[in-house]
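Descriptive analysis of the structure
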Amino acid sequence: MSRLIQPTRFGLPSLFVSLWFPALLLIAFILLVAFAVSGSSTGVYWSYFGTGQDPSLLLGEPRPIRSDEWLVQSSWVASQYQQGFGVFNQTLPGGMDATVQNDLPTMDWSSIFRPHLLGLLALPFDQGMAVRWWLPAFVMVGACYSFAVSLLPKHPLSAALLSGALFLTPVIQWWFLPTTIWPVALAFLGMTGTVWMLRHPALWVRVGWAAAIAYVAVATAMSIYAPFIVPAALVVVFFLIGFSLSEARSQSVSFQTVLLRLLPLIAAGLGAGAVLSIWIVTRIETIQALLGTVYPGQRFEKTGTVGFEGLIGLMGGPFDQALLNQGVNGLGANQSEASSVLMIALFMVIPLVWLITQQWSENRVVDWLAVSIVTCTMVILAFMFLPGWDSLAHVMFLDRSSASRMRLGLAILGIVAIVVTSERLQSARVRILPWSVSWVASGAVILSVVVPWAYLRTAAPDTIALSPSWKIATLLLMICVVLFTRARLLAGSAAFLLAASIIGLGVNPLYVGVFRLNETAVGTAVQEIDLREPGTWVGIGSVVPTAVLVQAGVEAMNGVQTYPPEEMWDEIDPSGKYEGVWNRLANVGWEPGVGEPSVSTPVRDQIRITFDSCSSFGQKHVDYVLTDVPLDQECAVLIDDFTEGPSQHFIYRVTPG
């Protein structure tokens, strides 16, 4: 075994170390896709349409809070499937560009750069959805592993454990979508490629890594979700600078030589920029419509917006187990917003600072990589807690993210800090850390948990009660920090994985296929009615009528609009009276009313419109109404009703009064 894990002469992992774990990931990926197993929460619909135990649910439970996945994106993917993967989805009158946001499969050239969607174009629907679910996650885990073994080539098992801990990080599990995970995958891929390009002399190796990074960079950028891209990119930039300076010193080469080795990466970045420029130019009207919305528009966040309660949420990782049991009091607004990270990045600052000062005091050498990691951690925390530097934050693009989304950067930094600290401690250049550093770091863990515990004990005791294993998670976190500072990487990684498992395992279920509303009686009826006599639909009531209409692929004035379709809103609000309300990314829903449509927004991403079938709007622009409550309107004639499980749905035809 020692021969298999022996590093190459360049200090990089052997072929066996590089490939054994990614090979296992590939096998697991193939099996999960073949059996159409994913972590989708579309099983939420079973509570509306089914009775008894959902036969497709293997483990866990669907999460209603994950509506971005089961209600929004899965519904639009099903709609695209019904409509033949067109570039413009025709559900909302006037159509909506399906190549921008909502992460939808299309027959557009840009799908080449969205590998997680290609399965939907080539495989049965359920298998395609499994590809969409798992591919970004498996790339992320594989990239994290590759990063760890690139700096610690003799520790493949520890690298695998650390990758598992990253996967189970609460902020990743509760925001589990391609738009969340691709930035993390890109970050680790970019840092790994940097290591290989600066250490391996072969041009083809550097070009290969650069090409892979550029491809994933395009896939990430096409999500257009800056709040998660920004913290991931920030970590990569700091690592690139710090590692380049460190390698220039350790290899005794000039910085110009380092830049020459990074030329393939620079060229790949220019190539990725060219692809993205073409993509933007070819759909510039859609981009302009998005930027011109009231929400999100060109949204910028201020620095220092996190107060004491935000600090509790950030440090409350050991209590995030309560989120599994619907407990969010004191941690955040909901389960997703409350999800945090195990703050290993902050605790590992202590040994890193000691290493920096020791290197300087003994050798007058600056450990630029350690400095860059500490600095990046402080920048993220300063953005959260320190107000008054908005101009600088704007130049650094930090204000394109938000305090809660910045937590993703701390999840990445935690792994980076562990790996770099371990690499330094196992290097001949650095002697073992004194025990005082270990005790200070472990004391920081205790303090970080005592503060939220003291607050929650008074303000939200139910959160503590719903986190029965918080003491175990805290103990494991303290143990792993001590072990990392004592150069016990394998044991520390195992403890870290166990702590992450207590909090993050079980967030998402294991589900066979996806719950397809088109296969329900009401979904089938909607398609059959529209096939016989096509028309425009309106869905009234809960979110279910909206989802049924979107998945059916019929023309309907319901669903999440990424930007307002001009034709639809010209019909609803011809005078533009409510433009300040509907000009936003939001879920469009309807409720019974009297007279012409009245538009309101109860929250910034929801639009509610009143519907009167006898109004001039209803008579001219609406043919059918789907509702889960009886509609008592003179111009709405009931043509069918359905009872499935605990739900009842009604289909009306709009007729002259």
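Here the structure is a predicted model, which is why all the values come from computation and not from measurement.

**A few points about empty space enclosed by the protein**
Applying the stated criterion across every chain, the model contains 6 cavities of 30 Å³ or more. The computed volume of the largest cavity comes to approximately 100 Å³. What lines the largest cavity is Ser38, Ser40, Glu69, Ser74, Met129, Arg132, Trp133, Phe176, Leu177, Pro178 and Val514. Listing elements by their share of the lining of the largest cavity, those giving two or more residues are α3 (67–83) and α5 (125–151). Counting residues per element, the lining of the largest cavity draws most heavily on α5, which supplies 3 residues. When its residues are assigned to classes, the lining of the largest cavity shows 6 nonpolar, 3 polar and 2 charged. By volume, the second largest cavity is sized at about 90 Å³. Along its surface, the second largest cavity is lined by 13 residues, and Ala165, Thr169, Leu342, Ala411 and Phe496 are the ones closest to its centre. At the level of elements, α6 (156–167), α20 (407–425) and α24 (489–504) are the ones that each hand at least two residues to the lining of the second largest cavity. For the lining of the second largest cavity, the residue count by class is 11 nonpolar, 2 polar and no charged.

**Some points on the pattern of salt bridges**
Summed over all chains, the structure comprises 11 salt bridges. A salt bridge links Arg405 to Glu337, with the nearest nitrogen and oxygen atoms 3.3 Å apart. Of the two residues, Arg405 sits in the loop between α19 (390–395) and α20 while Glu337 sits in helix α15 (residues 335–338), which places them 68 residues apart along the sequence. We classify Glu337 as partly exposed; its relative accessible area is 25%.

**Things to note about the state of the cysteines**
Throughout the structure, instances matching the rule amount to 1 disulfide. Disulfide partner of Cys614: Cys635, at an S-S distance of 2.0 Å. An S-S torsion of about 110° defines the bridge between Cys614 and Cys635 as right-handed. Remark: Cys635 occurs in the loop between β11 (624–627) and β12 (636–644) and Cys614 occurs in the loop between β10 (606–611) and α29 (616–621); sequence separation between them is 21 residues. Take Cys635: its relative accessible area is 2%, and that puts it in the buried class. Here Cys144 is not disulfide-linked; the sulfur of Cys480 is the nearest cysteine sulfur, at 14 Å. Assessed through its relative accessible area of 0%, Cys480 is described here as buried.

**Looking at the environment of Gly317**
Positionally, Gly317 belongs in the loop between α14 (308–315) and α15. For Gly317 and Ser448, which are 131 residues apart along the polypeptide, the C-alpha to C-alpha distance reads 9.7 Å. The residues contacting Gly317, other than those within four sequence positions of it, are Ser340, Val341, Leu342 and Ile503.

**Here's the deal with the nonpolar core**
Core analysis: the biggest nonpolar cluster contains 201 residues, and Phe188, Phe496, Trp537 and Trp590 have the highest contact counts within it. Top element by residues in this core is α5. It accounts for 18 residues. Ignoring sequence-local partners within four residues, the contact set of Phe188 consists of Ala143, Cys144, Phe147, Leu166, Ile412, Ile415 and Val416. Counting residues in each nonpolar core, the second largest holds 14 residues, with Val449, Ala460, Trp470 and Val507 among its members.

**Observations regarding the packing of aromatic side chains**
One pair of aromatic rings is described through two measures. These are the centre distance and the angle between the planes. Per the stated rule, a full pass over the model turns up 30 aromatic pairs. With a centroid separation of 5.8 Å and 40° between ring planes, the pair formed by Phe113 and Tyr215 is classed as tilted. Residue Phe113 is located in the loop between β4 (96–97) and α4 (115–122), and its partner Tyr215 is located in helix α9 (residues 203–221); the two are separated by 102 residues in the primary sequence. Residue classification places Phe113 among the buried positions, given a relative accessible area of 18%. On the accessibility criterion, Tyr215 (28% relative accessible area) is partly exposed. With a centroid separation of 6.5 Å and an interplanar angle of 80°, the aromatic rings of Phe611 and Phe617 are classed as edge-to-face. Each member of the pair, Phe611 as well as Phe617, carries the same accessibility label: buried. Connected via pairs of aromatic rings, a cluster forms that spans Phe29, Trp133, Trp134, Phe138, Phe167 and Phe176.

What counts and what doesn't
- Residues numbered from 1 in each chain as written.
- Predicted model: local features only at pLDDT ≥ 70, side-chain atom pairs only at ≥ 80, totals over all residues.
- Heavy atoms only, no water.
- 1 Å grid on protein atoms, 1.4 Å probe; cavity = no way out; pocket = protein on both sides within 12 Å on 5 of 7 lines; lining within 4 Å.
- Points joined across faces, edges and corners; volume = space filled by probe spheres on them.
- Helix = DSSP H or I, 4+ residues; strand = E, 2+ residues; numbered from the N terminus.
- Nonpolar A, V, L, I, M, F, W, Y, C, P; charged D, E, K, R; others polar.
- Salt bridge = Lys/Arg side-chain N within 4 Å of Asp/Glu carboxyl O.
- Buried < 20%, exposed > 50% of the residue type's maximum accessible area, 1.4 Å probe, protein only.
- Disulfide = S-S within 2.5 Å.
- Contact = heavy atoms within 4.5 Å.
- Core = buried A, V, L, I, M, F, W, Y, C linked by side-chain atoms within 4.5 Å.
- Phe/Tyr/Trp six-rings, centres within 6.5 Å; stacked < 30°, edge-to-face > 60°.

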